[in-house]
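Single-letter residue listing:
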Amino acid sequence: MAMKTNADLERQPAVSLLEERLKADGLLRQFEDERIPVVEVDSFPDLGRMVALRFIEWVQQNSEGVVSLPTGKTPEYFIRWTNHILENWAEPDIRNLRDTYALAPVRPEFSRLHFVQIDEFFPLPSDHPNSFIAYIKRHYLEPWGFSPDRALLMDFDRLDWPQDLSVEELFPSQFIDLSLRTRAPQNDTEVIQRDAIFALDTFAMDYERRIRDLGGIGFFLGGIGPDGHLAFNVRGSDFFSTTRLTYTNFETQATSAADLGGIEISSRKAVMTIGLGTIAYNPGVVALVMAAGEAKAAILSTAITEPASISTPASILQRLTHARIYITRGASAKLPRRSLHKFRHQSTYSPDDIVQAAMDLSMTYKTPIARLSDQQVADDPYCEAILSARRWRAPELKDAALEQIMTRLKKGSEELEDKRFLHTGPHHDDILLGYLPSIIHQVRSASNHHEFAIMTSGFTSVPNNFIRRTVQDALDYLGKRSFERSWSAGYFALPHERLRVEIAHEYLNGVVSNNREAQQCCLSNRVIRAVMDIYDERHVAGIRDRLVDILSNINAAHPGAKDPSDIQTLKGVLREFEEDLVWGHYGFDAQYIHHLRLAFYQGDYFTEDPTRMADLPPIRELFAKVRPHVLTLAFDPEASGPDTHYKVLQAITAHLQELPPDETDNVEIWGYRNVWHRFHPGEANMYVPVSINSMATMDHIFKTCYLTQRDASFPSYEHNGPFSELVQRIFVEQYQMLRTALGSDFWLQNDSPRLRATQGILFLRSMKLDELKASARSLRESVAPPETD
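Let me begin by describing the structure that accompanies this report. Here the structure is a predicted model, which is why all the values come from computation and not from measurement.

1. Overview of the side chain of S766
Here comes step 1: Counting through the fold element by element, S766 comes out in strand 18 (residues 758–767).
Here comes step 2: A polar side-chain atom of S766 sits 2.5 Å from a polar atom in the side chain of E668.
Here comes step 3: Among all residues touching S766, those that are not within four sequence positions of it are K411, E668, I669, W670, N685, M686 and E771.

2. Structural notes on unusual backbone geometry
Here comes step 1: Cis geometry is adopted by the peptide bond preceding P123, which originates at F122 and carries an omega value of -5°.
Here comes step 2: Assignment of secondary structure puts P123 in the loop between strand 5 (119–122) and helix 6 (132–144).
Here comes step 3: Despite not being glycine, D164 has its phi angle at roughly 60°, a positive value.
Here comes step 4: The phi dihedral of N514 falls on the positive side, at around 55°, and the residue is not glycine.
Here comes step 5: Within the secondary structure, N514 sits in the loop between helix 21 (496–512) and helix 22 (516–535).
Here comes step 6: Relative accessible area serves as the criterion here: at 62%, N514 is assigned to the exposed category.

3. Here we look at the pattern of salt bridges
Here comes step 1: All told, the structure shown has 55 salt bridges when counted by the stated rule.
Here comes step 2: A salt bridge links K23 to E20; the shortest N-O distance between them is 3.8 Å. Of the two residues, K23 and E20 are both situated in helix 2 (residues 17–24); the distance of 3 residues between them amounts to about one turn of the helix.
Here comes step 3: Take K23: its relative accessible area is 44%, and that puts it in the partly exposed class.
Here comes step 4: Here D604 ties to K562 by a salt bridge, and the two come within 2.6 Å at their closest N and O atoms. Taken together, the residues span a long stretch of sequence, with D604 in the loop between strand 14 (593–595) and helix 25 (612–626) and K562 in the loop between helix 23 (540–556) and helix 24 (565–584) at a distance of 42 residues.
Here comes step 5: Judged by its relative accessible area of 48%, K562 is partly exposed.
Here comes step 6: Members of the salt-bridge network, linked through shared partners, are E34, E40, D42, R329, R338 and K342.

4. Let's talk about the nonpolar core
Here comes step 1: L432, I528, L547 and W583 are the most contacted members of the largest nonpolar core, which totals 74 residues.
Here comes step 2: Not counting residues within four places of it along the chain, the set of residues in contact with I528 comprises A474, Y477, L478, F483, F492 and I543.
Here comes step 3: Counting 62 residues, the second-largest nonpolar core is a separate cluster that includes L372, A385, L616 and I619.

5. Focus on the sheet that holds strand 18
Here comes step 1: Pairing is mixed across the open sheet formed by 7 strands, whose spatial order is 14-13-12-15-16-18-17. The open sheet has two edge strands, strand 14 and strand 17 (686–691), and neither has a second partner. Strand-to-strand twist of the sheet, defined as the mean angle between neighbouring strand axes without regard to direction, takes the value 25°.
Here comes step 2: Here strand 12 (residues 420–425) pairs with strand 15 (residues 630–634) via 3 bridges, running parallel. Each residue of the ladder has a partner; that of L422, found in strand 15, is L631.
Here comes step 3: Against the sheet, helix 18 (residues 430–442) touches strand 12, strand 13 (449–454), strand 15, strand 16 (668–672), strand 17 and strand 18, its axis set at about 160° to strand 12.

6. Let's talk about empty space enclosed by the protein
Here comes step 1: One pass over the structure, following the stated rule, counts 4 cavities of 30 Å³ or more.
Here comes step 2: A volume near 100 Å³ is recorded for the largest cavity.
Here comes step 3: Secondary-structure elements contributing two or more residues to the lining of the largest cavity are helix 18, helix 29 (723–742) and strand 18.
Here comes step 4: Each residue belonging to the lining of the largest cavity can be placed in one class, and the counts come to 7 nonpolar, 4 polar and 2 charged.

7. Observations concerning helix 3 (residues 44–61)
Here comes step 1: When the terminal C-alpha atoms of helix 3 are compared, their 26 Å separation across 18 residues agrees well with the 26 Å that a helix rising 1.5 Å per residue should span.
Here comes step 2: Here helix 3 lies mainly inside the structure; 16 of its 18 residues are buried.
Here comes step 3: Of the residues that open helix 3, the one with a side-chain oxygen 3.2 Å from the backbone nitrogen of D46 is S43.

8. A closer look at the environment of T243
Here comes step 1: On the secondary structure map, T243 appears in the loop between strand 7 (219–222) and strand 8 (244–246).
Here comes step 2: According to the relative accessible area criterion, T243 is buried, its value standing at 5%.
Here comes step 3: Put simply, T243 and I118 are 125 residues apart on the chain and 9.2 Å apart in space, counted from C-alpha to C-alpha.
Here comes step 4: Excluding its chain neighbours within four sequence positions, the residues that come into contact with T243 are M154, A204, Y207, E208, I211, M272, T273, I274, G275 and T278.
Here comes step 5: A polar contact is formed between the side chain of T243 and the side chain of E208, at a distance of 2.7 Å.

9. Side note on the packing of aromatic side chains
Here comes step 1: A complete count under the given rule lists 45 aromatic pairs for this structure.
Here comes step 2: Both rings, one in F421 and one in W670, keep their centres 5.7 Å apart while their planes meet at 75°; by these two values the pair is edge-to-face. Of this pair, F421 sits in strand 12 while W670 sits in strand 16, and the two are 249 residues apart along the sequence.
Here comes step 3: The exposure class assigned to W670 is buried, which follows from its relative accessible area of 4%.
Here comes step 4: When the ring of Y735 is compared with that of W747, the centres are 5.3 Å apart and the planes differ by 75°; the resulting orientation is edge-to-face. Here Y735, found in helix 29, pairs with W747, found in helix 30 (residues 744–748); they are 12 residues apart in sequence, far enough to count as distant. Each of the two residues, Y735 as well as W747, counts as buried.
Here comes step 5: Ring-pair connections join several aromatic residues into one group, and the members of that group are F55, W58, F78, F110, F115, Y135, Y140, W144, F146, F219, Y605 and F606.
Here comes step 6: Just above the ring of W81 sits the side chain of R49; from NZ or CZ to the centre is 5.9 Å.

Definitions and cut-offs
- All residue numbers here refer to positions counted from 1 along the written sequence of the relevant chain.
- Residue-level local features of this predicted model are given only where pLDDT is at least 70; pairs of side-chain atoms are given and counted only at 80 or more, and the full residue set underlies all totals for whole chains, interfaces and linings.
- In computing side-chain values, all of the structure's heavy atoms are included and hydrogens and water are not.
- Secondary structure elements are defined from DSSP: runs of H or I of at least 4 residues count as helices, runs of E of at least 2 residues count as strands, and each element is numbered from the N terminus.
- Between N or O atoms, a polar contact is any pair within 3.5 Å; within protein, one atom must be a potential hydrogen donor and the other a potential acceptor, and residues adjacent in sequence are included only when both atoms are from side chains.
- Between two residues, a contact is recorded if the distance between any of their heavy atoms is within 4.5 Å.
- Exposure classes here rest on a 1.4 Å probe applied to the protein chains alone. A residue is buried below 20% of its type maximum, exposed above 50%, and partly exposed in between.
- Salt bridge, as used here, is a side-chain nitrogen of Lys or Arg placed within 4 Å of a carboxyl oxygen of Asp or Glu.
- Side-chain atoms within 4.5 Å link the members of a nonpolar core, which is a set of buried Ala, Val, Leu, Ile, Met, Phe, Trp, Tyr and Cys residues.
- Paired strands, as defined in this entry, are two strands with at least two bridges between them according to DSSP.
- Inter-axis angles, ranging from 0 to 180 degrees, are taken between N-to-C directions of lines fitted to C-alpha atoms, where helices are fitted over the stretch in contact.
- In this analysis a 1.4 Å probe is tested at points of a 1 Å grid over the protein atoms alone, and where it fits but cannot get out there is a cavity; an open set with protein on both sides within 12 Å along at least five of seven lines is a pocket; lining residues have an atom within 4 Å of a point.
- Grid points are joined across faces, edges and corners, and a volume is the space filled by probe spheres set on the points.
- Think of it as three bins: nonpolar holds Ala, Val, Leu, Ile, Met, Phe, Trp, Tyr, Cys and Pro, charged holds Asp, Glu, Lys and Arg, and polar takes everything else, Gly as well.
- Helix span, expected: 1.5 Å multiplied by one less than the number of residues in the helix.
- Think of it this way: a Phe, Tyr or Trp ring, Trp meaning its six-membered ring, pairs with another when their centres are within 6.5 Å, and the plane angle makes it stacked under 30 degrees, edge-to-face over 60, tilted otherwise.
- Lysine NZ or arginine CZ positioned within 6 Å of the ring centre and within 35 degrees of the ring normal marks a charge as sitting over the ring.

Structure, rendered in structure tokens:
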């Protein structure tokens, strides 16, 4: 087949009636500073629904076209909505949906489409459950009816490797050294590996040719990485790049760590990726990027509004006529003209708006709010909108902003009395990382009552390397006299809750006495008791056999693969042990720490949505027991961070909505965020002063207690190290905002020792149920296919 040229491809795709409808509804717009048209929706599920509709429309119009669809967590609701629409095509609600968005009545046919895989890790077996080939087959090819013969896949198992060796034999360390392209091999092994690299390069070249022979990609859908990457074209990628084998950067390795079993693995992988030039080869390509949450707002603004640059690979979409960015409201937060348009068209301006406008202006000029000139305030479009609506002068706005900031600082500094707190976290460590400096002050009063609830077992964040070491240590411990004495004394026969308390107390005693052996002994005791409970083992020989079986299973498993249920439980118990240690620092033992293990958290790639029947009963029971005055929760209504945060929020909100008003009217809800997502000072209405001592305490507790996280196997893309270090950096950055806004003298010369000692600020959002409901979609609305109770 002769390669098609751009001249052959200069045809316009069929008119999208769906886009015409989106324009009419005001969802598809392009402001004057936006170089790519944007579709903006309210929520993460809505994002998936709208992209699914656009994809189905394109397939109806291009039955033999070339599609390239993404992997990862971002397309979850795109996949679910597409499945739901296809499976219920003739049902009344789907007919109405099709009619609303002008889809053709005939169900789309996928068998004549060509599918192009976007990227893949290397080396990674094609049958690895987290390989992108497996993902594509599981979520696209098989359920939607693509023909395998028309799927262009990066299946490296089919290559003719040097000397007929397998990938595992060629690269036993699971690392590929691409410098062999240019340097002299040092031994026979490197000669073979160099030849293998050239085989991969040849594969990539042929892959690119085959895409171009098809005329290029007709429909491309992708996400956007924290560095602006598109496919695995990381920051600095050439706009004319083709399919190739390359390395990624730290940001990409961090976001891939969970898929591969830790950054120690993802950092050693190369990737095969189509290039930016591959995506743009067909000038008529319908290229969509979808993104949810404020965590993506900054990079989206750069890609959409600033000149196209290789420093932001996704900005290549500016060169494509039919490129569109599909985003949620939060993800649009840093698009300048769009945000200003929304702000100007508000019916009223709240105290949050006043603080946001004044703080942003203060940051722009690096000047305290009180010292901003009247002209600077009047010239700022956000401040001007408030002045006009409220008929204020500049001094009134500055005074109002400062009054609000002081009110928020005062509220964050309050030490409450006679309150019942229910602290909730989606995962272990979320509470500590989210707002420990506040807890430190609230636990000082004995009149307050505190209970801690971790909603999921968190087993997916426990690396196999940790389990391997820990189980081996427990095996070795079985042969020691100290174990024999404890066993003979009936230590392991103690009631579960009693033993939890004792082991946690002994471990912390080992910490303060700097006795590493005692700490290791406690960890082994916890593992042994967990094995006894999980497998109903009551004899040492049986416990030993179980530990050997666990080691065998872990050693045979692909890193990142879903664990069997028994190993999931063991990993979860270890995370629960860590949480017991954390709150043991403040005198809260097992009776105050609740591990709910909500049923929706099963370790699947796409976490199931919570259901009322399975997930709400333990929340109801705990809420009825505690009857909190203050309820805390991870506040991430657009899924900026892990999807578990978003789904736990839905479950808690659903329960609160069930309660009669007299049970919720007096409940104050504190929303917190941590390393995945941050409040703007205008969004937070509690500013908690954080001292060096509080930050050091948080860091020490994290590194002492969260044993599974100490090596930072699953780091944030913002920091290559433990989460506690990143949280400290965030606190300091937030303090610098308020230091600028209030002036350094406010802090250094304050009458309050606590404020003088402040070196960080923690932002929280206090709200009532009505505000929470307005921000977080209800449980039933959050799912793509309607679920039964």
